[in-house]
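Summary of the model geometry
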Amino acid sequence: MHSKKAVRLIHTSDVHLGDGSGHPYAMLALKAVVDAASRLGGDMLLLAGDIFDNARVSDEMVQDFLDELARLDMPAVVLPGNHDLYGEGSIYRRDVFHGKPDNLRVIEGMDGQTISYPELNLDVWGRAMLSHTPEFQPLLGMPDRRDGHWLVALAHGHFHHDGDVDQRSSPIYPADVADATCDYLALGHWDRHDDVSQGGVTAVYSGTARGPASSDYLGEVTVVDLDPVDGVSYRQVPL
Ligand SMILES: [Mn+2]
């Protein structure tokens, strides 16, 4: 019989490495996230998509990313987003990625994939995005939570607030969140923080680690505490 442990997650998304014109400070922001993850006592770093801006980024920039992640003293999980899809020609399939540090895992399963961390009694689930379409359902196929384990899900997509009428790609509806089996849903796609929790499921857009475009401000990260007694809570921390 397992019993849950207290786990602290550091959640970021939408760093957009390689978008030199709009976000020249993306790599600086990534470094700040890595530094903050350790300083804030994180047990795991979650990267919820659009970490890279496009599939044309140089191998050197990918290597810089891998070198940054290798500095972490904790596991990290990255979910491909619509700017860094997991299809043919994906950044995550490049040769340079074969040299990734052991602490870094990529969600690759197009029908969903669970990565288990027995030392944390934690399962991490996500669906790799191959194409950003209205048909793609980021939460489809989320497994049941295992007894005595936390289940954390990553998803990259557009949350439909009540009253939204247009059909968007990679939609996430309120009922999808309310019905989700996870303890925490780490969202990406929007560059602003938002809490879209539904029912008993805490669901948060982290906002980005970058400041506004063309500024040299840094943004924020979401610090999530999974506590066996107090449940799930989070706070936004400026970088
Ligand atoms: Mn996106």
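Scroll up to find the structure this text is about.
Predicted, not measured: the structure shown is a model, and the values here were computed from it.

Reading guide: rules and limits
Residues numbered from 1 in each chain as written. Predicted model: local features only at pLDDT ≥ 70, side-chain atom pairs only at ≥ 80, totals over all residues. Heavy atoms only, no water. Buried < 20%, exposed > 50% of the residue type's maximum accessible area, 1.4 Å probe, protein only. Helix = DSSP H or I, 4+ residues; strand = E, 2+ residues; numbered from the N terminus. Pairing = 2+ DSSP bridges. Salt bridge = Lys/Arg side-chain N within 4 Å of Asp/Glu carboxyl O.

Looking now at the pairing of strand β7 (residues 150-156). Summarising burial for β7: seven of the seven residues are buried, a large majority. The pairing of β7 with strand β10 (residues 184-188) spans five bridges and is parallel. Following the sheet pairing, Leu154 is matched in β10 by Ala186.

With that settled, consider the pattern of salt bridges. The final tally for this structure, using the stated rule, is seven salt bridges. For Asp183, the salt bridge goes to Arg145, with nearest N and O atoms at 2.9 Å. Here the residue Asp183 occupies a position in the loop between α3 (174-178) and β10, and Arg145 occupies one in the loop between β6 (122-126) and β7, the gap between them amounting to 38 residues. You can call Asp183 buried: its relative accessible area is 8%. Via salt bridges that share partners, Lys31, Asp35, Glu68 and Arg71 belong to a single interconnected network.

Moving on, we come to the environment of Glu60. Position of Glu60 relative to the elements: it lies in helix α2 (residues 59-70). When the C-alpha atoms of Glu60 and Val96 are compared, they prove to be 8.8 Å apart, with 36 residues separating the residues in sequence.

Phi is positive for Asp14, which is not a glycine, with a value near 55°. Looking at where Asp14 falls in the secondary structure, it is placed in the loop between β1 (7-12) and α1 (26-39). Positive phi outside glycine occurs at His189, with the angle close to 135°. Take His189: it is sitting in the loop between β10 and β11 (193-195).

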